[in-house]
Every structure is written in C-alpha cells, then in structure tokens.
Amino acid sequence: MPNQKILYVTTEMFPYQEDSNMAMMVNKMALKMHQEGNDVRVFMPRFGVISERKFQLHEVIRLSGMNIIINDLDQPLIIKVASLPGERLQVYFIDNEEYFKRKLYYFDEEGNPFSDNDERAIFFARGVIETIKKLNWVPDVIHINGWMSSFIPIYLKSFYKTDSYFNDTKIVLSVYNEKDAQFDHTIIEKLEFDNIKELKALENPTFLNFVTESMDLVDVVIKGDEFLESQLEKAFENSTSKKFDYVSGESINEVY
C-alpha cells in the first residue's frame, strides 16, 4: 500500500540503539514501509549516547530556533537530521542541551529516575508535533513507540484538540515491556500549565500509566513485544481502541 505518509515516533531505533526489541522493531517497520514506496520519516530524542560524528547528524537550521514553553520556562528546540545508514530514510532528532545531552537515558548511575523525565517527555512530544507542522508535512499514520512518545496522543487530544492539522491522521501505538518509574509529583502542575487535567494516569504518575492512558486515545493498539507484562497485558485487553496482537515488522503494512 504505497504512497502513504508514515511518521514513526520512537525513543529507540537500530542502529542508534542496538540491544532492544523496540529498536529493532522500529527499524524493520520503517525500512519495510520505506522500501514499499511510502514517504517515511522517523522522530526520536537525540540522547547523549548517540554519536553525532558516527551517524553524521547535522542541525536543520530552518527547523530549529523554536522555543517550547514548559511550566512557564522557555526551552530552545534544536532539530538534527541524519539518513539511516545505507538508506535514503530521514531520521529527525529532537535535541536540547538541558534535556538530552546527558549520557544516560532515564535513570542516573544509581538507578534513580531523573527528576525532569516529565519535562523531557513533554518537550519531546511538543517538539515532534511543532516540527511536523513546520515541515508542512501531514502524516497519514503516526506510529508511537516508547513511553516518552505516549505523550503525543495525550497532547493531540487535549492541548492541540482545536488544531485541525492532524484531523485525518490515524494514530497507532505499539506497547513494549519497558522499565517503569515514577514521575516527580510536579508533573501535575506542568501539565495543568498546558490545560491538561483529569488524566487517570495522574493519580499515580508513572511511565507505564501514561502508556496505559494513551491506549484509549489512539486508533489502533499493537503488542510491540509478543508477551506483555501483566500490567500492560491487562491494560491492552481493557483498551477500547482497535487491537492487534503481536505483528512482525515485515507484516506491519497489514495494520496500516
């Protein structure tokens, strides 16, 4: 089914991350759809462990320069881009010195979650949405991967609900077994600043509870891992969205 515009939003993708199922799945899905003649783009955070020199990242000046306001604080948005090695498939990286320069993903060296994980997720979600609009590129499908990306459907259904830009876009969410962690309690006021309230996930704000929240805000939910941990399995079964069990990267076009 060629000629679709497909946006993958992910926190992991091979070869930028090498040892996770999510990273491999996103790589396979994006390549499959790209090679079938679709217009495919990928957005992910530019974590500090990703080598700009090795993967030939460069800043896109015309897309950079916006500020994302989080809880009344301006944070500059930097957009970098690279081609997937050996392919003409563009990968865009959301960057910011404050949030993504560190060499660890979500936990410090002692295993404690970063206190600003909530701000990083908000910045990433809004950065992706604003950059897509600036590209003047309307995706037919947005495929969400990773807990941080799950903030996108939450924002599209609330903060951006009066914005018609994505009216005809379908949202697919892949659910993976990810390490859970608590958000700082101040996430409530940060989301309230963007007029986002009454989320069930805010009763116990954790990574996976936000994934669970987003399951009912998308068009399709898929198992990214063949077997989900009990909390996610239960949330998957209870989701009111259309559901697919585990789908391989090579068969993803059946979902679209």
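Please refer to the structure higher up on the page.
None of these values were measured; they are calculated from a predicted model.

Q: Please clarify how the overall build of the chain should be interpreted in this entry.
A: Looking only at helices and strands, the chain features 8 helices and 11 strands. For 256 residues, the compact-globule formula gives about 18 Å, and the C-alpha radius of gyration of the chain, at 17 Å, lands near that figure. Scored against the burial criterion, the 256 residues of the chain give a buried share of 57%. A total accessible area of about 11700 Å² is found for the chain, and carbon and sulfur atoms account for 45% of it.

Q: Mind showing me how you'd approach the environment of Asn-253 here?
A: Within the secondary structure, Asn-253 sits in the segment after strand E11 (242-244). C-alpha separation for the pair Asn-253 and Met-33, spaced 220 residues apart in sequence, amounts to 7.1 Å. Excluding anything up to four places from it in sequence, Asn-253 contacts Lys-32, Met-33 and Glu-36.

Q: Which parts of the structure should I look at to understand the pairing of strand E2 (residues 39-45)?
A: Every regular strand shows the same layout, with side chains that alternate between the two sheet faces. Counted residue by residue, E2 has 6 buried out of 7 residues, so it is predominantly covered. Inspection of the sheet shows strand E1 (residues 5-10) paired to E2 by 5 bridges, in the parallel sense. Pairing of Leu-7 across the sheet is with Arg-41, part of E2. In the classification by handedness, the crossover that spans E1, the intervening helix H1 (residues 21-35) and the parallel E2 is right-handed. One ladder, built from 5 bridges, connects E2 with strand E7 (residues 90-95); its direction is parallel. Within E7, the residue paired with Arg-41 across the bridge is Gln-90.

Q: Would you explain the packing of helix H7 (residues 207-215) against helix H8 (residues 230-238) in this entry?
A: Relative orientation and spacing of two packed helices are given, respectively, by the angle between their axes and the distance between those axes. Remark: H7 packs on H8, axes separated minimally by 10 Å, with the N-to-C direction vectors making an angle of 15°. Between H7 and H8, the crossing angle belongs to the class labelled roughly parallel. Like other packed secondary-structure pairs, H7 and H8 cross with a definite hand, here right-handed. Contact residues: Leu-208, Asn-209, Val-211, Thr-212 and Met-215 in H7; Gln-231, Leu-232, Ala-235 and Phe-236 in H8.

Q: Explanation requested: the environment of Ser-158 in the structure shown.
A: Mapped onto the elements, Ser-158 comes out in the loop between helix H5 (151-156) and strand E9 (170-175). The sequence separation of Ser-158 and Val-26 amounts to 132 residues, and the corresponding C-alpha distance is 27 Å.

Q: How should the sheet that holds E1 be read in this particular structure?
A: Within a beta sheet, neighbouring strands are joined by backbone hydrogen bonds and run either parallel or antiparallel to one another. One open sheet holds the 9 strands; their spatial order is E3-E6-E7-E2-E1-E8-E9-E10-E11, and the pairing between them is mixed. Bordering the open sheet on either side are strand E3 (58-59) and E11, each of which pairs with just one other strand. Looking at chain direction, strand E10 (residues 220-223) and E11 are connected through 3 bridges and run parallel. Bridged to Ile-222 within E11 is Phe-244. Set on the sheet, helix H4 (residues 117-135) makes contact with E1, E2, strand E6 (78-83) and E7; between it and E2 the angle comes to about 145°.

Q: I tried to follow the layout of surface pockets on my own but got confused; where do I start?
A: Sizing a probe to match a water molecule and rolling it over the atoms shows the empty space that remains. Computed from the structure, the largest pocket encloses a volume of approximately 330 Å³. In terms of lining residues, the largest pocket is bounded by 14 residues, among which Lys-200, Asn-209, Thr-212, Glu-213 and Ala-235 are the most central. Residue assignment for the lining of the largest pocket shows that the elements contributing at least two residues are H7 and H8. A class-by-class count of the residues in the lining of the largest pocket yields 3 nonpolar, 6 polar and 5 charged. Approximately 280 Å³ is the volume found for the second largest pocket. Forming the walls of the second largest pocket are 18 residues, and the residues nearest its centre are Glu-12, Ser-20, Met-22, Tyr-106 and Glu-178. Here the lining of the second largest pocket is built from residues that sort into 8 nonpolar, 5 polar and 5 charged.

Cut-off values and rules
Residues numbered from 1 in each chain as written. Predicted model: local features only at pLDDT ≥ 70, side-chain atom pairs only at ≥ 80, totals over all residues. Heavy atoms only, no water. Helix = DSSP H or I, 4+ residues; strand = E, 2+ residues; numbered from the N terminus. Rg over C-alpha atoms; globule rule 2.2 N^0.38 Å. Buried < 20%, exposed > 50% of the residue type's maximum accessible area, 1.4 Å probe, protein only. Areas by Shrake-Rupley, 256 points an atom, 1.4 Å probe, with all protein chains shown as cover. Contact = heavy atoms within 4.5 Å. Pairing = 2+ DSSP bridges. Right-handed = clockwise from strand over helix to strand, strands pointing away. Axes fitted to C-alpha atoms, helices over the stretch in contact; angles between N-to-C directions. Parallel < 35°, antiparallel > 145°, perpendicular 65-115°, else oblique. Left-handed = near helix turned anticlockwise from the far one by under 90°. 1 Å grid on protein atoms, 1.4 Å probe; cavity = no way out; pocket = protein on both sides within 12 Å on 5 of 7 lines; lining within 4 Å. Points joined across faces, edges and corners; volume = space filled by probe spheres on them. Nonpolar A, V, L, I, M, F, W, Y, C, P; charged D, E, K, R; others polar.

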